[in-house]
Amino acid sequence: MSQLPKSDELAKVDFTPPDEHWMDTKVDFEKRRGSWSYPGAKKNLEYVGFPNPRQWSPLDEDWKLPDNWQQIIHDGLMDRPERYRSLKVFMDICVRCGACADKCHFYIGSGDPKNMPVLRAELLRSVYKKDFTTAGRILGRLAGARSMDLDVLKEWFYYFFQCTECRRCSVFCPYGIDTAEITMLARELLNLVGLNINWVMEPVANCQRTGNHLGLMPHTFKDNIEFIVDEIEETTGVKVSPTFNRKGAEILFVTPSGDVFADPACFTLAGYLLLFHYLDLDYTWSAYASDGGNFGLFTSHEMMKRLNFKMYHEAERLGVKWILGGECGHMWRVVHQYMGTHNGPANFLEEPVSPITGTKFENTIDTKMVHICEFTADLLKNGKLKFDKSRNDKYRVTFHDSCNPARAMGILEEPRYIINQVCNNFFEMPEGTIREQTFCCGGGAGLGNDENIEMRMRGGLPRGNAVKYVQDKFDVNLLACMCAIDKATLPPVCDYWAPGVGVAGVHELVANALIQDGENERKTDLRGEPLLGFEDEEEGGE
Amino acid sequence: MNVLFSLLAVGVLIALGYLGGQVAGLRFVFGVVIPYAAILVFIAGLVYKVIYWAKSPVPFRIPTTCGQETTLPWIKSSTLDNPHTTLGVLGRMALEVLFFRSLFRNTRMEIKEGPRVVYGENVYLWAAGLAFHWSFLIIFIRHFRFFTEPVPGFILAMQYVDGFMQIGVPVLYLTDLFLVAGLTFLFIRRLWSPQLRYISQAADYFPLLLILGVALTGIWMRHFTKTDIVGVKELAMGIVTFSPMVPESVGSVFFMHLILVCSLFAYFPFSKLMHMAGVFLSPTRNLANDNRMVRHVNPWNPEVEVHTYAQWEEEFKDKLEAAEIPLDKD
């Protein structure tokens, strides 16, 4: 891993483009350590049957590509426009107005012109023009076209795994050109010749085998949750009893596996458990459909479909009525925009109705999958939860809209409503950094790995800086979010750009405030940290 | 390099136009043959391209949502920026096409001391783009006075409004001013900003200069050389009534104007100018965000290899038993 510069050094971003034409600059992987991810391990590609499994490194001269790799890419590029109108239109109509340029968090944090969405797309567009347009074939560079060669391919690998598919640029594009779509298809092409990153491929292979990205086998999955059950009992005195793979439950609950495993996401999971216990909800976990997240999204549309299959498959097997989904970003991109098409129709399920309030979730009548924040907002609106807001008083909270729920769904008000109901101190980050204009955490789409840390911090600059703003202005000390990747990537972003601000899930805050029957006198929150006014007691007690 | 090439290309076109007007034998070619050819290429090219796009399916419904979606009845949803109905989509598209809604959001990022990343308003690109596009459209429609007899009332009305400032004789059209101003801004902006210059190609400068050429030769004819309008109208009417002729009185500037216009028409379908048609086909804008309400069908929905529950249970049977997770095969 590279030496990460200090944050004030990293913030000195030079936006001057190089003297050389962009078609002449090459990626020096050695010099750019800290800004790319390690390649997919052989065993992971083999497990899911991806092409060209092998040991290799971007630092090697020889990337061990198939001999006919150029033909493979060409054929792949010929096939995709026939299947995706988006690709044809996006390749043909960009006017290079530049409105997207300073909207990309990676461009803001790095100043590298190839991180301008327009130029990122141009990396692919230039080859497309050369291969498929007459002007490009004849005029070459004058028409913005260039031949595919090894340097271009290496550049693709570098920059298409330096896009988090956050879609912020697409909000500002006058034609809605979506770099996420371009990146997704470019990654499909790269995968055809065996170019991918391990932080995507390992979760994909794990998920295909065990049902979750972390590769937790069923007993471990259950153990982890039961460990959290014990923790909950210790802090609250309440014994929750989740069930696993239980047939006949009314609801199947699916959440990203990060919630089962990682801090602070596990406190969100504790939040779900407490909420469901409070409601006496007839629901089950599944150790098979043990992850809602879907890193297949970051490889190919087909892989996405393979991994997402298990949700409906399991819901049908267990005979549940509908599915409730936990806090996650890209999972909701897939569930909201792809699942119905890929894996539906789910006619074996029923139109979701909240068993507590009787509310019909009419916006989910086809996919039959409800977002936990929709579910909880409805509970709160109907006064079904008893809570003590002051238990969250030690937190001065702001909210980070995760990219996908914001720009591929539009679930903006529910989490805000919930937070305002259960917390006394809520402050918005500045306009232009929230809602549909929210900034990525810098580590989405499989880029949240350690070796890519410098690029993550660069990409995290706009988000981190907006957090810093509310920290300075309103003493904010907690960044709430509803995405498992955020819960893993935002803590380092905050430590780096806004030290002192923690990260928590929305449902952790809900459960902190929730008053359970038979609970202890609460002196700590779910993290076992003292509530406001109980700090001294905690010190004395230990 | 890209700018020079574009400048040169427009210069050559103007010279050709001049030549076409001067050489007797070429006047018919430049005044009739080329315009017909250009219109033909434009229509055929446009239709071909749109069909080419439309032939490909839209496998997934992927709107970029820019506001609250429709969920619970008591939460106000953003009907135009995140529509879930066809009517809403029409509204969103109308805002996009007529008022450049997305570009209106444009901001300018700056990193100040601190570091402090700030996002200032930046409406210039939007304003210049809007001024240019609307002016161009109005000018285009105004030109139908040359192709119609009698001239429809709405064109006369448009002409009247456009010239309501009553400056000069013949009166100066405001749209002419806006068009030139808008184009000039867009051109200078491209050259001025190092980042924009870096991403700009010949295909970006050429259309700007071409249209600027069209505008300037048009203004020149109207206000300086005072081209014989009657002759121009005869030529134009000849073209639309398929009885082409080139009156003697039509001068060289007109031919320059005409060759630039013809070049624009012929170039249009093969260039980025196709954003005019493409914006209507953009799946991030023209689809409703009703994904969880109505299933979107992918015509080539792929068959994929999956890991079924039964296979999974088989693989982890011992562990499931040890963890007391219920099995199917019991």
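About the criteria used
- Residues numbered from 1 in each chain as written.
- Chains lettered and ligands numbered in written order.
- Predicted model: local features only at pLDDT ≥ 70, side-chain atom pairs only at ≥ 80, totals over all residues.
- Helix = DSSP H or I, 4+ residues; strand = E, 2+ residues; numbered from the N terminus.
- Rg over C-alpha atoms; globule rule 2.2 N^0.38 Å.
- Buried ≥ 20, exposed ≤ 12 C-beta atoms within 10 Å, placed from the backbone.
- Contact = placed C-beta atoms within 7 Å.
- Pairing = 2+ DSSP bridges.
- Axes fitted to C-alpha atoms, helices over the stretch in contact; angles between N-to-C directions.
- Left-handed = near helix turned anticlockwise from the far one by under 90°.
- Nonpolar A, V, L, I, M, F, W, Y, C, P; charged D, E, K, R; others polar.
- Parallel < 35°, antiparallel > 145°, perpendicular 65-115°, else oblique.
- Expected span 1.5 Å × (residues − 1).
- Domains from an automatic or database assignment.
- Core = buried A, V, L, I, M, F, W, Y, C linked by C-beta atoms within 7 Å.
- Bend = angle between axes of the 7 residues up to and from the residue.
- pLDDT = per-residue confidence, 0-100.

### A word on the overall build of chain B
Within chain B, the secondary structure is distributed over 14 helices and two strands. On C-alpha atoms alone, chain B measures out to a radius of gyration of 28 Å, which is more than a quarter above the 20 Å that the 2.2 N^0.38 rule sets for 330 residues. With the C-alpha coordinates aligned to their principal axes, the bounding extent of chain B is approximately 100 × 55 × 45 Å. Of all 330 residues assigned to chain B, the portion counted as buried reaches 35%.

### Quick word on the overall build of chain A
When helices and strands are counted, chain A shows 24 helices and seven strands. Relative to the 2.2 N^0.38 estimate, which gives 24 Å for 542 residues, the radius of gyration of chain A is 24 Å and therefore close to what a compact globule would have. Viewed in the frame of its principal axes, chain A has a C-alpha envelope of about 75 × 50 × 40 Å. Taking the contacts inside chain A whose residues are at least 6 apart along the sequence as the reference set, 76% of them involve residues at least 24 apart.

### Section: unusual backbone geometry
Residue and element names in this part refer to chain A. Here the bond from aspartate 263 into proline 264 is cis, since omega is 5°, no more than 30 degrees from zero. Its place among the elements puts proline 264 in the loop between helix 13 (258-261) and helix 14 (265-279). With an omega of -5°, the peptide bond running from glycine 344 to proline 345 counts as cis. Following the sequence through the fold, proline 345 ends up in the loop between helix 16 (330-343) and strand 4 (369-371). Unlike most non-glycine residues, asparagine 245 shows phi in positive territory, near 50°.

### Re the sheet that holds strand 1 (residues 251-254) of chain A
All names here are of chain A. Spatially, 2-1-3-4 is the arrangement adopted by the four strands of the open sheet, whose pairing is parallel. What marks the edges here is a single partner per strand, and that holds for strand 2 (283-284) and strand 4. Two elements, strand 3 (residues 322-325) and strand 4, share three bridges in a ladder whose sense is parallel. The residue bridging glycine 325 from the neighbouring strand is histidine 371, located in strand 4. Its contacts with the sheet place helix 17 (residues 372-381) against strand 3 and strand 4, and it is angled at close to 65° to strand 4.

### Observations regarding the packing of helix 3 (residues 69-83) of chain A against helix 10 (residues 179-192) of chain A
Residue and element names in this part refer to chain A. Axis separation between helix 3 and helix 10 bottoms out at 9 Å; the angle between their running directions is 145°. Like other packed secondary-structure pairs, helix 3 and helix 10 cross with a definite hand, here right-handed. Taking contact as the criterion, the partners of Ile72, Ile73, Gly76, Leu77 and Arg80 in helix 3 are, on helix 10, Leu185, Leu189 and Leu192. Classifying every residue of the contact of helix 3 with helix 10 by side-chain character gives six nonpolar, one polar and one charged.

### Focus on the packing of helix 8 (residues 150-160) of chain A against helix 10 of chain A
Residue and element names in this part refer to chain A. For the pair helix 8 and helix 10, the least separation of the axes is 10 Å and the interaxial angle reads 130°. Between helix 8 and helix 10, the angle falls in the class oblique. In the crossing of helix 8 with helix 10, the sense of the turn from one axis to the other is left-handed. Where helix 8 abuts helix 10, its residues Trp156, Phe157 and Phe160 lie against Thr183, Ala186, Arg187 and Leu190.

### Some remarks on helix 11 (residues 198-210) of chain A
For the α-helix, the turn length of 3.6 residues means that residues three or four positions removed from each other point alike. Residue and element names in this part refer to chain A. Compared with the 18 Å implied by 1.5 Å per residue over 13 residues, the 17 Å span of helix 11 between its first and last C-alpha is a close match. Inspection of helix 11 places Trp199, Val200, Met201, Glu202, Pro203, Val204, Ala205, Asn206, Cys207, Gln208 and Thr210 among the buried residues, and these make up the whole buried set. In this structure, the buried residues of helix 11 make contact with helix 2 (42-48) and helix 15 (301-318). Within two residues after helix 11, glycine 211 carries a phi angle of roughly 105°, on the positive side.

### Concerning the domain arrangement of chain A
Domains assigned within chain A are domain 1 (7-33 + 51-195), domain 2 (202-381) and domain 3 (389-531). Taking only C-alpha atoms into account, the centre of domain 1 of chain A sits 35 Å from that of domain 2 of chain A.

### Re the interface of chain B and chain A
Contact residues are listed per partner, giving 81 residues for chain B and 93 residues for chain A. For the side of chain B that touches chain A, the secondary structure elements donating two or more residues are helix 4 (101-104), strand 1 (107-112), strand 2 (116-121), helix 8 (194-199), helix 9 (202-225), helix 12 (275-278), helix 13 (309-315) and helix 14 (317-322) of chain B. Ranked by residue count, the leading element in the side of chain B that touches chain A is helix 8 of chain B, at five residues. Here the side of chain B that touches chain A is composed, by residue class, of 45 nonpolar, 24 polar and 12 charged.

### Considering the pairing of strand 2 of chain B
All names here are of chain B. As judged from the six bridges shared by strand 1 and strand 2, these two strands associate in the antiparallel manner. Within strand 2, the residue paired with threonine 107 across the bridge is glutamate 121. With antiparallel pairing between neighbouring strands as the criterion, strand 1 and strand 2 make up a hairpin whose turn holds three residues, including glycine 114 at a positive phi of roughly 145°.

### As for the sheet that holds strand 5 (residues 397-400) of chain A
Residue and element names in this part refer to chain A. Read from one edge to the other, the open sheet built from three strands follows the order 5-6-7, with strand pairing classed as parallel. Of all the strands in the sheet, just strand 5 and strand 7 (502-505) have a single pairing partner and so form its edges. Neighbouring strand axes in the sheet, compared pairwise and without regard to direction, differ in orientation by 35° on average. Bridge count for strand 6 (residues 478-481) against strand 7 is four bridges, and the pairing is parallel. Its bridge partner being in strand 7, leucine 479 is matched across the sheet by valine 503. Each of strand 6 and strand 7 touches helix 23 (residues 506-513); the most contacted strand, strand 7, lies at about 80° to it.

### Remarks on the nonpolar core
It is characteristic of soluble globular proteins that their nonpolar side chains tend to be buried jointly. By size, the foremost hydrophobic cluster in this structure holds 194 residues, and its most contacted members are Ala270, Ile419 and Ala480 of chain A. The dominant element in this core, judged by the number of residues it contributes, is helix 14 of chain A, at 10 residues. Once you skip the residues sitting within four places of it in the chain, alanine 480 of chain A turns out to touch Val397, Phe399, Ile419, Ala504, Val506 and Leu509 of chain A. One finds Ile14, Phe132, Val250 and Phe268 of chain B within the second-largest nonpolar core, a separate group that totals 38 residues.

### Concerning helix 6 (residues 117-132) of chain A
Residue and element names in this part refer to chain A. The end-to-end C-alpha separation of helix 6 is 22 Å, in line with the 22 Å expected for 16 residues at 1.5 Å each. The sharpest bend along helix 6 measures roughly 35° and falls at leucine 123. Judged by how many residues are buried, helix 6 sits mostly within the fold: 14 of 16 residues are covered.

### Focus on the environment of valine 123 of chain B
As for its position among the elements, valine 123 of chain B is in the loop between strand 2 and helix 5 (124-142). C-alpha separation for the pair valine 123 of chain B and asparagine 106 of chain B, spaced 17 residues apart in sequence, amounts to 6.5 Å.

### Considerations on the confidence of the model for chain B
Residues at a pLDDT of 70 or more form 100% of chain B, whose mean pLDDT is 95. Confidence metrics for the complex model read pTM 0.96 and ipTM 0.95.

### Some remarks on the environment of alanine 277 of chain B
Residues and elements named next belong to chain B. Among the structural elements, alanine 277 can be located in helix 12. Each C-alpha atom of the pair alanine 277 and alanine 37 lies 21 Å from the other, and the pair is 240 residues apart in sequence. When near neighbours in sequence (up to four residues on either side) are disregarded, alanine 277 contacts Leu46, Lys49 and Val50.

### Notes on the environment of arginine 137 of chain A
Residues and elements named next belong to chain A. Relative to the elements of secondary structure, arginine 137 occurs in helix 7 (residues 134-139). Of the residues examined, arginine 137 has 14 C-beta atoms within 10 Å and is grouped as partly exposed. Along the chain, arginine 137 and serine 147 lie 10 residues apart, while their C-alpha atoms are 9.1 Å from each other.

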